[in-house]
Amino acid sequence: MSDRPTLTTTAGAPVPDNQNSMTAGERGGVMLQDYQLIEKLAHQNRERIPERAVHAKGWGAFGTLTITGDISRYTKASALQPGAVTPMLARFSTVAGEMGAADHERDVRGFALKFYTSEGNWDLVGNNTPVFFVRDAYKFPDFIHTQKRHPRTNLRSATAMWDFWSLSPESLHQVTILMSDRGLPVDPTFMNGYGSHTYSLINAAGERFWVKFHFKTQQGHRHHTNDEAEQIIGRTREGYQEALFGKIEKGEYPRWKLQVQIMTEEQAEKTSYNPFDITKVWPHGEFPPIDVGVMELNRNPDNYFAEIEQAAFSPSNIVPGISYSPDKMLQARIFSYADAHRYRLGTHYENIPVNQPKCPVHHYHRDGQMNTYGGLRTGNPDAYYEPNSFGGPFEDKSASEPPLKIEGDMSRYDHRVGNDDYVQVTALFNLFDEGQKGRLFRNIAAAMGGVPGHIVERQLAHFHKVHPDYAAGVRKALKDAHGYEADTLSAAE
Ligand code: NDP
């Protein structure tokens with residue numbers, strides 16, 4: 001007798017034949033009662049779930065965060081105390097491409113982390129860049145539309161991208177990073193990750209500090225040029241998956257150093273820039289990075305769909321000792337990421353094994369699709385509302401945050417007024433050597449092919465404000481690549 005397990009229906013009964021459908025006679029006419037055939041075909045139709053509207057193409061692995069430094073005076077979070085080792089999941093991604101997009105495309109990379117702490121899941125859903133294209137969530141859906149396909153041509157549109165960027169100068173910082181060497185990492189292990197937003201740390205005394213999180217690659221920064229990437233895409237569209245999966249299978253575990261920058265509430269009132277503006281960094285000279293620990297990825301998922309495609313990261317997931325900030329984009333993402341998961345995965349998405357906390361979970365949420373809790377999360381069927389007299393879970397006031405002082409009249413403040421969108425970009429431009437500048441100019445020129453002159457000129461004016469060499473370099477590269485001549489009509493406008 002075979003020791004192989006018996007193939008069963010989803011209801012557990014043995015399947016007598018998995019090769020031949022039940023027909024009326026040898027030549028066919030399939031019987032409707034062949035329910036297992038119908039079940040098999042129906043499952044096939046339902047294998048895909050909606051892909052993420054952004055960050056659809058991704059690569060992920062499990063690992064640990066080990067705390068080697070001491071930031072206990074800033075935070076009481078158990079996962080950030082000296083010596084703590086926390087299991088975690090990382091998912092890297094491109095932003096614009098669909099699930100079948102090639103890995104080696106110039107794009108910002110998502111850098112999403114889920115830490116399964118003893119006090120609940122802490123998600124840090126960042127990018128490989130410290131800043132973002134827009135600072136107000138009103139602009140986020142429009143920005144993403146410019147990255148996706150044109151509704152009529154069904155092609156991506158360079159015109160839409162540069163039209164939007166040139167009309168949104170706050171994008172200049174991120175656009176410059178995207179078009180620089182760091183816009184095309186060799187694979188996910190050769191790039192930094194940044195929490196990007198400003199968050200809070202809260203210590204045992206109830207004091208709040210503002211914080212930026214940085215994950216510095218220990219493999220070094222390595223990037224491809226556009227030409228190299230084209231060659232690779234000609235060979236494989238899956239270069240990142242091959243590299244990340246392959247390295248971890250071979251025991252070559254990638255590592256990142258976790259650093260934080262800390263700003264006191266008093267310091268935040270005095271910075272020349274808004275410290276909650278995601279288009280800005282906190283200069284290292286003013287807020288030096290502090291070493292906190294090491295993140296290592298050392299286990300590949302066993303099932304890509306179950307553990308990476310269904311992984312649900314959301315900035316709403318914070319734990320005691322870590323919290324939000326007034327950053328407008330963060331505030332919007334707190335809503336929209338969790339909402340995306342409710343839509344893609346279902347109401348009870350946090351009960352999918354990869355998203356389940358590794359600490360006890362007690363709540364009063366009840367019914368809805370895929371409630372697989374085996375009852376309530378309250379420990380007592382009579383405790384299905386709150387407050388109750390039946391020993392149901394109860395709030396813990398010790399998890400309260402210190403009050404956040406907010407001043408000012410409620411209004412819609414023009415986010416462009418009083419915001420310098422150029423000075424930090426100039427600081428970045430000045431970090432580039434001649435080779436890096438040349439590649440920056442050529443990458444921008446390549447991305448601007450076919451864009452109308454009046455939009456090109458509007459963007460060149462922004463580059464000029466960063467540094468005259470920036471505009472001149474791009475103008476020359478445009479001439480070399482496309483024979484572009486100055487659009488004097490627009491320039492005169
Ligand atoms: P610093 O000279 O003190 O910091 C420079 C930082 O810039 C480096 O630590 C590195 O960040 C990053 N950097 C260096 N070379 C490049 C490059 N070729 N492409 C992208 N980033 C690079 O100056 P500031 O802190 O005042 O920052 C200057 C500019 O550097 C900023 O305006 C910003 O554009 C960029 N930057 C700043 C970061 C920050 O948090 N202050 C973080 C990343 C970039 P890392 O160590 O993270 O690789």
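This structure is a prediction, so every number in the text was calculated from the model and none was measured. (Residues numbered from 1 in each chain as written. Predicted model: local features only at pLDDT ≥ 70, side-chain atom pairs only at ≥ 80, totals over all residues. Heavy atoms only, no water.)

S.K.: Can you tell me about the pairing of strand S8 (residues 255-264), naming the residues and giving the values?
M.R.: The element S8 is extensively covered by neighbouring structure, given that 7 of its 10 residues are classed as buried. Sheet topology places strand S7 (residues 208-217) next to S8; 9 bridges connect them, and they run antiparallel. By the bridge assignment, tryptophan 210 is partnered in S8 with methionine 263. (Buried < 20%, exposed > 50% of the residue type's maximum accessible area, 1.4 Å probe, protein only. Helix = DSSP H or I, 4+ residues; strand = E, 2+ residues; numbered from the N terminus. Pairing = 2+ DSSP bridges.)

S.K.: Lay out the site of the ligand with the relevant residues and their values.
M.R.: For the ligand, the set of nearby residues contains 19 residues, the closest of which are His173, Asn192, Tyr194, His284 and Gln424. Arginine 182 has a polar side-chain atom sitting 3.0 Å from an oxygen atom of the ligand. A distance of 2.8 Å is found between an oxygen atom of the ligand and a backbone nitrogen or oxygen belonging to glutamine 424. About the coverage of the ligand: the protein hides 77% of its 770 Å² of free accessible area. A per-element tally of the shell around the ligand places helix H10 (residues 423-431) first, with 4 residues. Taken together, the residues of the shell around the ligand sort by class into 9 nonpolar, 8 polar and 2 charged. (Near = heavy atom within 4 Å. Polar contact = N/O pair within 3.5 Å; in protein donor to acceptor, adjacent residues only side chain to side chain. Areas by Shrake-Rupley, 256 points an atom, 1.4 Å probe, with all protein chains shown as cover. Nonpolar A, V, L, I, M, F, W, Y, C, P; charged D, E, K, R; others polar.)

S.K.: With reference to specific residues and values, describe the environment of leucine 460.
M.R.: Mapped onto the elements, leucine 460 comes out in helix H12 (residues 453-466). Separated by 285 residues in the primary sequence, leucine 460 and valine 175 have C-alpha atoms spaced 13 Å apart. Leaving out residues up to four positions away in the same chain, leucine 460 has contacts with Ala471, Val474, Arg475 and Leu478. (Contact = heavy atoms within 4.5 Å.)

S.K.: Break down helix H13 (residues 468-482) for me, citing the residues and quoting the values.
M.R.: The terminal C-alpha atoms of H13, which comprises 15 residues, lie 21 Å apart, in line with the 21 Å expected from a rise of 1.5 Å per residue. Those residues of H13 lying buried are Tyr470, Ala471, Gly473, Val474, Ala477 and Leu478. The buried residues of H13 occupy an angular sector of 165° when the element is viewed end-on, so they sit on one face. Turned more than 90 degrees from where H13 packs its buried face, Lys476 and Asp480 sit exposed. Structurally, H13 contributes buried residues whose contacts are with helix H4 (172-179), H10, helix H11 (434-447) and H12. Downstream of H13 by a residue or two, glycine 483 has a phi angle that is positive, lying close to 65°. (Expected span 1.5 Å × (residues − 1). Arc of directions from axis to C-beta.)

S.K.: I'd love a proper account of the packing of aromatic side chains, names of residues and values included.
M.R.: For the coordinates displayed, the defined rule picks out 24 aromatic pairs. Between the aromatic rings of phenylalanine 441 and tyrosine 470, the centroid separation amounts to 6.3 Å while the plane-to-plane angle is 35°, which identifies the pairing as tilted. Placement of the pair is phenylalanine 441 in helix H11 and tyrosine 470 in helix H13, with a sequence separation of 29 residues. The exposure class assigned to phenylalanine 441 is buried, which follows from its relative accessible area of 12%. Ring pairing ties together the aromatic residues Phe92, Phe111, Phe115, Trp122, Tyr199, Phe213, Phe215 and Trp256, which thus form one cluster. Residue placement shows arginine 222 over the ring face of phenylalanine 190; its charged tip is 4.7 Å from the ring centre. Directly above the ring of phenylalanine 62 sits arginine 299, whose terminal nitrogen or CZ lies 4.2 Å from the centroid. (Phe/Tyr/Trp six-rings, centres within 6.5 Å; stacked < 30°, edge-to-face > 60°. Lys NZ or Arg CZ within 6 Å of the ring centre and 35° of its normal.)

S.K.: Which residues make up unusual backbone geometry, and what values go with them?
M.R.: Across the junction of glutamate 386 and proline 387, the peptide omega takes the value 5°, indicating a cis bond. Looking at the element boundaries, proline 387 is found in the loop between helix H9 (328-345) and H10. At histidine 55, a residue that is not glycine, the phi angle is positive and equals roughly 60°. Considering the arrangement of structural elements, one finds histidine 55 in the loop between helix H1 (35-45) and strand S1 (58-67).

S.K.: Describe the domain arrangement of the protein chain, with residues and values.
M.R.: Here the protein chain is partitioned into domain 1 (1-47), domain 2 (58-151 + 173-355) and domain 3 (423-482). On a C-alpha basis, the centroid separation for the pair domain 1 and domain 2 is 44 Å. (Domains from an automatic or database assignment.)

S.K.: Describe in detail the pattern of salt bridges, supporting the description with residues and values.
M.R.: Summed over all chains, the structure comprises 27 salt bridges. One salt bridge connects lysine 479 with glutamate 485, and the closest N-O pair in it is separated by 2.8 Å. Here the salt bridges share partners, and the residues they tie into one network are Arg135, Asp277, Lys280 and Asp421. (Salt bridge = Lys/Arg side-chain N within 4 Å of Asp/Glu carboxyl O.)

S.K.: Give me the packing of H11 against H13: which residues, what numbers.
M.R.: Axis separation between H11 and H13 bottoms out at 8 Å; the angle between their running directions is 55°. As far as their axial angle goes, H13 and H11 are oblique. Seen along the crossing, H11 lies across H13 with a hand that is right-handed. Together, Leu440, Phe441, Arg442, Ile444, Ala445 and Ala446 of H11 and Asp469, Tyr470, Gly473, Val474, Ala477, Leu478, Ala481 and His482 of H13 make up the contact between the two elements. (Axes fitted to C-alpha atoms, helices over the stretch in contact; angles between N-to-C directions. Parallel < 35°, antiparallel > 145°, perpendicular 65-115°, else oblique. Left-handed = near helix turned anticlockwise from the far one by under 90°.)

S.K.: Would you mind going over the nonpolar core in detail, with residue names and values included?
M.R.: Of all hydrophobic cores here, the largest spans 42 residues; its most connected members are Phe133, Trp162, Trp165, Ile444, Phe463 and Tyr470. Sorting the residues of this core by element identifies helix H2 (140-147), helix H3 (158-166), H4, H10, H11, H12 and H13 as the ones contributing at least two each. Here this core spans two domains, and each of domain 2 (58-151 + 173-355) and domain 3 (423-482) adds at least three residues to it. Setting aside its immediate chain neighbours within four residues, tyrosine 470 contacts Thr176, Phe429, Leu440, Phe441, Ile444 and Phe463. (Core = buried A, V, L, I, M, F, W, Y, C linked by side-chain atoms within 4.5 Å.)

S.K.: Got a sec to walk through the side chain of histidine 415? Specific residues and values, please.
M.R.: Summarising the element assignment, histidine 415 is placed in the loop between H9 and H10. The contact partners of histidine 415, leaving out residues within four places of it in the chain, are Arg135, Asp136, Lys139, Glu170 and Lys328.

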